[in-house]
Amino acid sequence: MLKSTEHQAHSTMQPITSWIEGYSRRQQFRRMAESLLKEKDDTLSDLGYDRHDLEGALHLPIRNDAMQYIEARRSRRAVEARRAKTPRLAG
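Residues numbered from 1 in each chain as written. Predicted model: local features only at pLDDT ≥ 70, side-chain atom pairs only at ≥ 80, totals over all residues. Heavy atoms only, no water.

1. Overview of the environment of leucine 37
Rules: Segments assigned H or I by DSSP are reported as helices when at least four residues long, segments assigned E as strands when at least two residues long, and all are numbered from the N terminus. Residue contacts are counted whenever heavy atoms from the two residues lie within 4.5 Å of one another.
With respect to the helices and strands, the residue leucine 37 is situated in the loop between α1 (2-36) and α2 (41-47). Separated by 17 residues in the primary sequence, leucine 37 and leucine 54 place their C-alpha atoms 7.6 Å from one another. Excluding residues that lie within four positions of it along the chain, leucine 37 makes contacts with Arg51, Leu54, Glu55 and Leu58.

Right, dumping it as structure tokens:
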């Protein structure tokens, strides 16, 4: 009987714990992003960041991982840059 009560308490606390962890990650990201946003666009670009991406990530809901968003945007830009450099074959 005790295990059932423990399981019930654990499953009740899981959403709260998950929200707290998400909030903590977002606060860490917010501190990092705010310091990066103080830099010039050239510096951000050298570091692989884009001002608009950072600002957009700051406005995501807490349940969304801001760093995953930034990394996805960074990867997309890298793919687009490679495509722009690749010569097109005339056909």
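2. Some words on the environment of histidine 59
Inclusion rule: We call a residue buried when its accessible area falls under 20% of the maximum for its residue type, exposed when it is over 50%, and partly exposed in between, using a 1.4 Å probe and counting protein chains only. Any pair of nitrogen or oxygen atoms within 3.5 Å is treated as a polar contact; in protein, a donor-acceptor pairing is required on top of that, and neighbouring residues in sequence qualify only through side-chain atoms on both sides.
Within the secondary structure, histidine 59 sits in the loop between α3 (51-58) and α4 (66-85). Its relative accessible area of 68% is what places histidine 59 among the exposed residues. At 2.7 Å, the side chain of histidine 59 forms a polar contact with the backbone oxygen of glutamate 55.

3. Quick look at the confidence of the model for the chain
Rule in force here: pLDDT is defined as a per-residue confidence score from the predictor, taking values between 0 and 100.
For the chain, the mean per-residue pLDDT works out to 86, and 84% of the residues sit at or above 70. Confidence, read as mean pLDDT per element, is least for α1 in the chain (80) and greatest for α3 (96).

4. Digging into α3
For an α-helix, the turn length of 3.6 residues means that residues three or four places apart are oriented alike. The test is simple: It is the directions from the helix axis to the C-beta atoms whose arc is reported.
Listed as buried for α3 are Asp53, Leu54, Ala57 and Leu58. Taken end-on, α3 shows its buried residues confined to a sector of 135°, consistent with a single buried face. At the N-terminal boundary of α3, the capping side chain belongs to aspartate 50, with an oxygen 3.0 Å from the backbone nitrogen of histidine 52.

5. Quick word on α4
Defined as follows: Here a helix's expected span is defined as the number of its residues, less one, multiplied by 1.5 Å.
The first and last C-alpha atoms of α4 sit 29 Å apart over 20 residues, in line with the 28 Å expected at 1.5 Å per residue. Measuring from the backbone nitrogen of methionine 67 back to the side-chain oxygen at the start of α4 gives 2.9 Å, which picks out aspartate 65 as the cap.

6. Structural notes on the side chain of arginine 26
Selection criterion: Working convention for charge: Lys and Arg count positive, Asp and Glu count negative, and His plus the chain ends are omitted. A pair is scored as a salt bridge if a Lys or Arg side-chain nitrogen falls within 4 Å of a carboxyl oxygen belonging to Asp or Glu.
Among the structural elements, arginine 26 can be located in helix α1. Despite its burial, arginine 26 remains without a salt bridge, the nearest opposite charge being carried by aspartate 65 at 6.6 Å. Reaching out from arginine 26, the side chain makes a polar contact with the backbone oxygen of leucine 60 at a distance of 2.7 Å.

7. A look at the nonpolar core
Note the following rule: Put simply, a nonpolar core is a bunch of buried Ala, Val, Leu, Ile, Met, Phe, Trp, Tyr and Cys residues held in one set by side-chain atoms that sit within 4.5 Å of each other.
In terms of nonpolar packing, the biggest core is built from 12 residues, these being Phe29, Ala33, Leu36, Leu37, Leu44, Tyr49, Leu54, Ala57, Leu58, Leu60, Ala66 and Ile70. Only α1, α3 and α4 provide two or more residues apiece to this core. For alanine 57, the residues in contact, after removing those within four places along its chain, are Arg26, Phe29, Ala66, Tyr69 and Ile70.

8. What about a nonpolar patch on the surface?
Note the threshold: For patch building, the residue pool is restricted to those with more than 30% relative accessible area and no salt bridge; the joining distance is 9 Å between like charges and 5 Å between nonpolar side chains (Val, Leu, Ile, Met, Phe, Trp, Tyr). Accessible areas in this description were obtained via Shrake-Rupley with a 1.4 Å probe; residue shielding takes into account the shown protein chains only.
A cluster of nonpolar side chains, Met13, Ile16, Trp19, Ile20, Tyr23 and Ile62, forms an exposed patch at the surface whose accessible area comes to about 580 Å². When you line up the elements, methionine 13 lands in helix α1.

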